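Spelled out from the first residue to the last, the chains are:
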Amino acid sequence: MNLHKSVLRKGGITIALLLLVACASTKNESRIIADFNPDWNFKLGDYPTAIQVDFEANDWRTLDLPHDWSIEGTFSKDHPTKPRQGALPAGIGWYRKSFTLPESAKNKSIAIEFDGVFCNSEVWINGHYLGKRPFGYISFSYDLTKYLNFGNQKNYIAVKVDNDAQPSSRWYTGSGIYRNVRLVTTDKLHVAHWGTVVTTPEVSKEKATVDYSVSIQNDSDFSKEFKVVTNILDANNRSVARLESIEKIDANAILEKGQKFEVNNPKLWDTDNPNLYKVVTKIYEKSTLIDDYETPLGFRYFAFDAEKGFSLNGVPTKIYGVCLHHDNGALGAVANYHAIKRKLTIMKEMGVNAIRMAHNPPSLEMLQLCDEMGFIVQDEVFDVWKKKKVTNDYHKYWDEWHKRDLEDFIKRDRNHPSIMMWSIGNEIREQFDSTGIAITKELAQIVKSLDKTRPVTSALTENVPEKNFIYQSGALDLLGFNYKHADYATFPERFKGQKIIASESVSALETRGHYDMPTDSIRFWPIKHDAPFDGNADLTVTAYDNIASYWGTTHEENWKAAKKYDFIAGTFVWTGFDYIGEPDPYPYPARSSYFGIVDLAGFPKDVYYMYQSEWSNKTVLHLLPHWNWKQGQLIDVWAYYNNADEVELFLNGKSLGSKAKQGDELHIAWKVPFEAGTLKAISRKEGKMVKETEIHTAGEATKIDLKSDKTSIKNDGYDLAYVTVSLQDKDGNYVPTADNLINFKVSGGAKIVGVDNGYQASLEPFIADYRKLYNGKCVVILQSNKKAENITLEATTAGNINLGTLSIKVE
Ligand code: GAL
């Protein structure tokens, strides 16, 4: 199902009903997927009577989903969430929505789909209890059909969300209905929820075979005869294979129909060319189309090898991966297609080809985008099993829910071609005792019963084989190790014949734009987790890649180790982006992580360019730090570069000599006494210039510069523009040290939904019309407010600095 197109672009229930009418005129009353996000009422607190039909929600706030109430709060060290979860409020909240349905929907089946509610959601329709889902990352649906009213009589849906018992996680979770909600109307005879399974048993450039099965559900009290037509469509919607058959189904039954296809000369899916197809099943009763269901399909084959690592379509491919948590920075947990696309675009530019979904089921948009943009996915389901990590985490629900949640996770995700590994858990406590054996076997068996095409893995920390009971179970197809880079050389001996991936690595620490010198040694933060870190008073960590956690190492050291051994299929760096929570190594007011290659606002830290020089095919020559220091101060100048034999550095036109990386080095460095002006680097290959990079000393700021990542946005209530704010001097030089408070005013078709500057210890709110620059930058996030008016953003600051203005078109 293509969610972005089918869900986000439709403007709510009204449009959905119009569609119903429009479709009726062409006798096409097939599946209607209506955006059910707009116009909910919300209130913090516990209101059990809100389930009643006559409940008055007059003083409740009106808002559109997806919504995260935690991100709206103010930071405090006293919140029960604590800084490890972002120091933002949690608690209980209720959502309520009223809606009507046309008489014509009376003989339909109607279900509501929630992509994710954090957490412990309970749902009622017209006073009837539909159920509970404790796991905050799982997607679920309820059949509403028998409780609904039609015509003028209203329906009331109420959702209780209970994230009160804290701590509930090791990182920021968000609270609320933070992912999309849809209302799905089908004929009584329809494809069941998550009702298709598509696999490609044989794939080559010449030919592929497709095994497809579709579950067709008959909710009516009559048996039926119908026609099933399945087409495989290429990217241009041309059918490349087709099958049809006449079927019979009993009343209130489900029929599983298997179909096999052959496709000649399939365009293969890979990370550079993510060619997609789709399987479209149409159901006809007599000659009327009554359902129309899409499943994504990609033709690719892959293998993990104990000696050679990973290959995709027969091509040896190192996995250049990052781990990502689910939050979207200043938007909190809110799942927004455009925010996720920006995140993945920044990763793609860096050369990343794989994402590990740490440590929970991701949003559907995330998986859709990984299919479309070409990322290999390690999809992960749990951070804990039966043994807890924090008091109120998922272990409380393990016994009752793990089977159902794991099954639902696989059923929802298994058709995504980007997914190539199932991880059943991260750093699970049960690896350390014999209970791990039985649980691993059980979970692996559940996965295999639903999908045999991908290896089952788990992210392990114990690398002494006899001591690791998850490994001892023998049920893993692929061993994931977190960290342990220093032991890689011993792995083939320790884990004979096993396939291995670095499921998590690095955990180095950096603050964007902050530089401490000298940089001659690598420092680890203290050997004891609880020992205070003798860091900086302003809670910064230098952006030179030379401070790491004791269980990890620097980016460079990790990458050197991972690239050295072919049997390491690849590495998933902790993390691609900073995330809210886990602010190691500092106490409050630090409240977001330092581990990201990119900061929370989306601005790359310098080490981003080390990866770009190694992982992408872009030509890189990046200099750090900035060039605003004190006269005579000795500055460590680093350069990341590629595609060249050497780099020559010049200060104000004077050569400081050429250098080249030696051995396995990943950067070169000079010590340069500071002098204001221009620092320039030229990289050369065989004497010919490859690239030139200059940085300048900035004078006093004279104006605010605004740069949007988009020149136009859609008028759909969802589209976003990210505007980077910085200061420039009279010559247009960027001022890297500016920390001015900037005020924003927006008019026309957008509202401000978030501001951030990437500083991990900022206590300014994420939702505001102001933000201080941090090390020269901040971002303001604009979201369509559905008005069809062009947008003007104005930014002002105190002093003699000209305002910045920017226009964005609305389409
Ligand atoms: C790992 C863990 C991650 C994160 C990371 C921080 O051990 O799997 O979730 O906590 O440490 O370094």
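The protein is annotated in an unreviewed UniProt entry as Beta-galactosidase GalB of Flavobacterium magnesitis.

S.K.: For the overall build of the protein, give the residues involved together with the corresponding values.
M.R.: Helix and strand counts for the protein come out as ten helices and 46 strands. Relative to the compact-globule value of 28 Å for 811 residues, the protein shows a C-alpha radius of gyration of 27 Å, a close match. Along the first, second and third principal axes, the C-alpha atoms of the protein reach 90 × 65 × 50 Å. Looking at the protein residue by residue over its 811 residues, the buried ones come to 61%. Considering only contacts within the protein whose residues lie at least 6 apart along the sequence, 71% involve residues at least 24 apart.

S.K.: How would you sum up the UniProt feature "domain: Glycoside hydrolase family 2 catalytic" (unreviewed entry) in the protein? Please name residues and give values.
M.R.: Following the UniProt record, one finds the feature "domain: Glycoside hydrolase family 2 catalytic" (unreviewed entry) at residues 308-459. What you have in residues 308-459 is 37% helix and 22% strand, and the ends, taken at the C-alpha atoms, are 20 Å apart.

S.K.: Can you lay out the pattern of salt bridges for me, pointing to particular residues and giving the numbers?
M.R.: What the rule picks out here adds up to 49 salt bridges. As a salt-bridge pair, R684 and E648 come within 2.8 Å of each other at their nearest N and O atoms. One end of the pair, R684, is in strand β36 (residues 678-685); the other, E648, is in strand β33 (residues 646-651), and 36 residues separate them in sequence. Relative accessible area serves as the criterion here: at 15%, E648 is assigned to the buried category. Taking the shortest distance from any N to any O, the salt bridge between D719 and K710 comes out at 2.7 Å. Residue classification places K710 among the partly exposed residues on the basis of a relative accessible area of 25%. A single network of salt bridges, built from pairs that share partners, joins R84, R170, D383, K389, E582 and D584.

S.K.: Now, about the site of the ligand: what can you tell me, with residues and values included?
M.R.: Taken together, R170, H359, N426, E427, N482, Y483, E504, S507, W551, W574, E582 and F595 make up the full set of residues near the ligand. Taking E504, its side chain carries an N or O atom lying 3.0 Å from an oxygen atom of the ligand. Coverage of the ligand by the protein amounts to 93% of the 310 Å² it exposes when considered alone.

S.K.: Can you lay out the nonpolar core for me, pointing to particular residues and giving the numbers?
M.R.: W40, Y95, F114, I177, L344 and I355 are the most contacted members of the largest nonpolar core, which totals 146 residues. When neighbours within four sequence positions are excluded, I177 is seen to be in contact with W40, L65, P66, H67, Y95, F114, G116, V117, V159 and V161.

S.K.: Report on the UniProt feature "domain: DUF4982" (unreviewed entry) in the protein, specifying residues and quantitative values.
M.R.: Those places that UniProt annotates as "domain: DUF4982" (unreviewed entry) correspond, in this numbering, to residues 632-690. Structurally, residues 632-690 is divided into 0% helix and 63% strand, and its ends, taken at the C-alpha atoms, are 31 Å apart.

S.K.: Let's hear about the pairing of strand β10 (residues 181-186): which residues, and what values?
M.R.: Among the six residues in β10, six count as buried, and that is most of the element. Side chains of β10 alternate between two faces, with V181, L183 and T185 and R182, V184 and T186 buried alike. Inspection of the sheet shows strand β1 (residues 32-35) paired to β10 by four bridges, in the antiparallel sense. Looking at β10, one finds that A34 is bridged to L183. Pairing of strand β5 (residues 109-114) with β10 involves six bridges; the strand directions are antiparallel. The residue of β10 that forms the bridge with I112 is L183.

S.K.: Any chance you could break down the packing of aromatic side chains for me, citing the residues and the numbers?
M.R.: Applying the stated criterion to the full structure yields 49 aromatic pairs. Plain terms: the ring middles of Y212 and F261 are 6.5 Å apart, the flat faces sit at 65° to each other, and that makes the pair edge-to-face. You can see Y212 sitting in strand β12 (residues 207-218) and its partner F261 sitting in strand β15 (residues 253-264), a full 49 residues away along the chain. Residue classification places Y212 among the buried residues on the basis of a relative accessible area of 2%. Ring geometry for Y394 and W398: centres 6.2 Å apart, planes at 90°, overall edge-to-face. Assigned by exposure class, Y394 and W398 land together as buried. Put simply, the rings of F118, F135, Y137, F382, W385, Y394, Y397 and W398 touch in pairs and so form one group of aromatic residues.

S.K.: How would you sum up the sheet that holds β10? Please name residues and give values.
M.R.: The four strands are arranged β1-β10-β5-β8 in an open sheet whose pairing can be described as antiparallel. For this open sheet the edge positions go to β1 and β8 (140-143), each flanked by a neighbour on one side alone. Neighbour to neighbour, the strand axes of the sheet diverge by 25° on average, direction disregarded. The sheet contact formed by β5 and β8 spans four bridges and is antiparallel. When the bridges of β8 are listed, F114 appears paired with F140.

S.K.: Lay out the packing of helix α5 (residues 398-413) against helix α6 (residues 435-450) in plain terms, naming residues and giving numbers.
M.R.: Interhelical geometry of α5 versus α6 gives an angle of 35° and a closest axis separation of 9 Å. Considering the relative orientation of α5 and α6, their crossing is right-handed. Along its contact with α5, which presents W398, H402, K403, L406, E407, I410 and K411, the element α6 presents I439, E442, L443, I446, V447 and L450. Partitioning the contact of α5 with α6 into residue classes produces eight nonpolar, one polar and four charged.

S.K.: Which residues make up the domain arrangement of the protein, and what values go with them?
M.R.: By a widespread convention, an interface's size corresponds to the accessible area lost as its parts come together. Considered domain by domain, the protein is made up of domain 1 (3-184), domain 2 (190-297), domain 3 (302-510 + 545-578), domain 4 (621-696) and domain 5 (701-810). In this structure, domain 3 and domain 5 have C-alpha centres spaced 36 Å apart. Of the residues lining the interface, eight residues belong to domain 3; the matching set on domain 5 comes to 16 residues. Inspection of the region where domain 3 meets domain 5 yields zero salt bridges.

S.K.: Please give an account of the sheet that holds strand β4 (residues 91-99) that cites residues and values.
M.R.: The strand order β3-β2-β4-β9-β6-β7 describes an open sheet built from six strands, whose pairing is antiparallel. Looking at the sheet topology across the chains shown, the edges are occupied by β3 (61-63) and β7 (128-133). Averaged over all pairs of adjacent strands, the angle between their axes in this sheet comes to 25°, without regard to strand direction. Alignment of β4 against strand β9 (residues 155-163), held across nine bridges, turns out to be antiparallel. Residue pairing for β9: W94 is matched across the bridge by K160.

Each value, and the rule that gives it
Residues numbered from 1 in each chain as written. Predicted model: local features only at pLDDT ≥ 70, side-chain atom pairs only at ≥ 80, totals over all residues. Heavy atoms only, no water. Helix = DSSP H or I, 4+ residues; strand = E, 2+ residues; numbered from the N terminus. Rg over C-alpha atoms; globule rule 2.2 N^0.38 Å. Buried < 20%, exposed > 50% of the residue type's maximum accessible area, 1.4 Å probe, protein only. Contact = heavy atoms within 4.5 Å. UniProt positions renumbered as here; feature names shortened; annotations may be inferred. Salt bridge = Lys/Arg side-chain N within 4 Å of Asp/Glu carboxyl O. Near = heavy atom within 4 Å. Polar contact = N/O pair within 3.5 Å; in protein donor to acceptor, adjacent residues only side chain to side chain. Areas by Shrake-Rupley, 256 points an atom, 1.4 Å probe, with all protein chains shown as cover. Core = buried A, V, L, I, M, F, W, Y, C linked by side-chain atoms within 4.5 Å. Pairing = 2+ DSSP bridges. Phe/Tyr/Trp six-rings, centres within 6.5 Å; stacked < 30°, edge-to-face > 60°. Axes fitted to C-alpha atoms, helices over the stretch in contact; angles between N-to-C directions. Left-handed = near helix turned anticlockwise from the far one by under 90°. Nonpolar A, V, L, I, M, F, W, Y, C, P; charged D, E, K, R; others polar. Domains from an automatic or database assignment.

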